[in-house]
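# A closer look at the structure
The chain contents come next:
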Amino acid sequence: LVTGASGFLGSHIVNHFAQQGGQVCGMVRKLDGLLPVQNVQWRALELPSNHLATILTEEMPDVIVHTAASAHVNASLIYPAQDFTQSVVVWNNLLESVRLIGLRPKIIFLSSAAVYGNPQQLPVAESAPIHPISPYGYHKHMCEEMAEYYVKLYGFNITSLRIFSAYGTGLFRQVLWDIVQKAQRNPVVEMNG
C-alpha cells in the first residue's frame, strides 16, 4: 500500500512494485485522471480519515510506504498549520489506524534531510545533529520521533528514510527545471561588444 501514490515519489514507488509483480494498493486523494496500471488498485481517500482503518482491513498490506505529505519547505513557512496537518496529523492517522486493527506490516516513512537544517559538514552523515530550520523540517522530525515510539511501545516495524533533493521524470520543481522554464520565457540573447 502506497499513500500519496499520485505524487512524484509515490507514483514511482507504485510503478516499481507493480513492475516487480506485486499487488499494489495506490492511495490517492482523487481518482480523476489516473490511468489503469496492471497490478495496481487505486483507492481514493483524503487523509486524515476515519475510513483509513477500513481500507487497511480490506487490503491487509504486507508493506506500507508513506509518501502522502507536504513537500514544500517554502509553503511550510507561509502555512505552518497546513504543513503540520499534512505531515504530522496524517502520519499519526496512519499509525493509529494500523495499531487499532492489529496489523503489523513493514512501514517505510519518507522523511527529509530538512531535519538537519544547515549542516555543519558535507556530505551529511546520518548521525549529524538534528537542527531543522523550517516548519517542514520540524514536522518531519516530529514524524520520525512518533515512528520511534510506535516501534518501542507497540512493536511496529518502521524504517524512516531521509530523502534529499529527489529528482527524475515527472518532477516539475528543481533548480534545473526552473532554469529551463525561465529561459523559455525569457530567451538568453548573446550580445557582442
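Here goes a summary of the coordinates provided. Being a predicted model, the structure only gives us computed values, none of them experimental.

## Brief notes about the environment of Thr 57
Mapping Thr 57 onto the fold places it in helix H2 (residues 52–59). Taking the C-alpha atoms as reference points, Thr 57 and Val 98, 41 residues apart in sequence, are found 8.8 Å from one another. At a separation of 2.8 Å, a polar atom in the side chain of Thr 57 contacts the main-chain carbonyl oxygen of Ala 53.

## Observations regarding the pattern of salt bridges
For the structure shown, the criterion picks out 6 salt bridges. Between Glu 144 and Arg 162 there is a salt bridge, with its nearest N and O atoms 2.6 Å apart. Remark: Arg 162 occurs in strand E6 (residues 157–163) and Glu 144 occurs in helix H5 (residues 135–154); sequence separation between them is 18 residues. What makes Glu 144 buried here is its relative accessible area of 9%. Here Lys 152 ties to Glu 148 by a salt bridge, and the two come within 3.0 Å at their closest N and O atoms. Of the two residues, Lys 152 and Glu 148 are both situated in helix H5; the distance of 4 residues between them amounts to about one turn of the helix. Its relative accessible area of 62% is what places Lys 152 among the exposed residues. Here the salt bridges do not stand alone but share partners, grouping Arg 43, Glu 58 and Glu 59 into one network.

## Thoughts on the sheet that holds strand E2 (residues 24–28)
Taken in spatial order, the 6 strands make up an open sheet running E3-E2-E1-E4-E5-E6, and their pairing is parallel. Of all strands in the sheet, those with a lone pairing partner are strand E3 (40–44) and E6, marking the two edges. With 5 bridges joining them, E2 and E3 adopt parallel strand pairing. If you follow Met 27 over to E3, its bridge partner there is Arg 43. Docked against the sheet, helix H4 (residues 80–101) engages strand E4 (63–66), strand E5 (106–112) and E6, running at close to 170° with respect to E4.

Conventions adopted
- Residues numbered from 1 in each chain as written.
- Predicted model: local features only at pLDDT ≥ 70, side-chain atom pairs only at ≥ 80, totals over all residues.
- Heavy atoms only, no water.
- Helix = DSSP H or I, 4+ residues; strand = E, 2+ residues; numbered from the N terminus.
- Polar contact = N/O pair within 3.5 Å; in protein donor to acceptor, adjacent residues only side chain to side chain.
- Salt bridge = Lys/Arg side-chain N within 4 Å of Asp/Glu carboxyl O.
- Buried < 20%, exposed > 50% of the residue type's maximum accessible area, 1.4 Å probe, protein only.
- Pairing = 2+ DSSP bridges.
- Contact = heavy atoms within 4.5 Å.
- Axes fitted to C-alpha atoms, helices over the stretch in contact; angles between N-to-C directions.

None of the figures reported here should be taken as evidence of function without further support.
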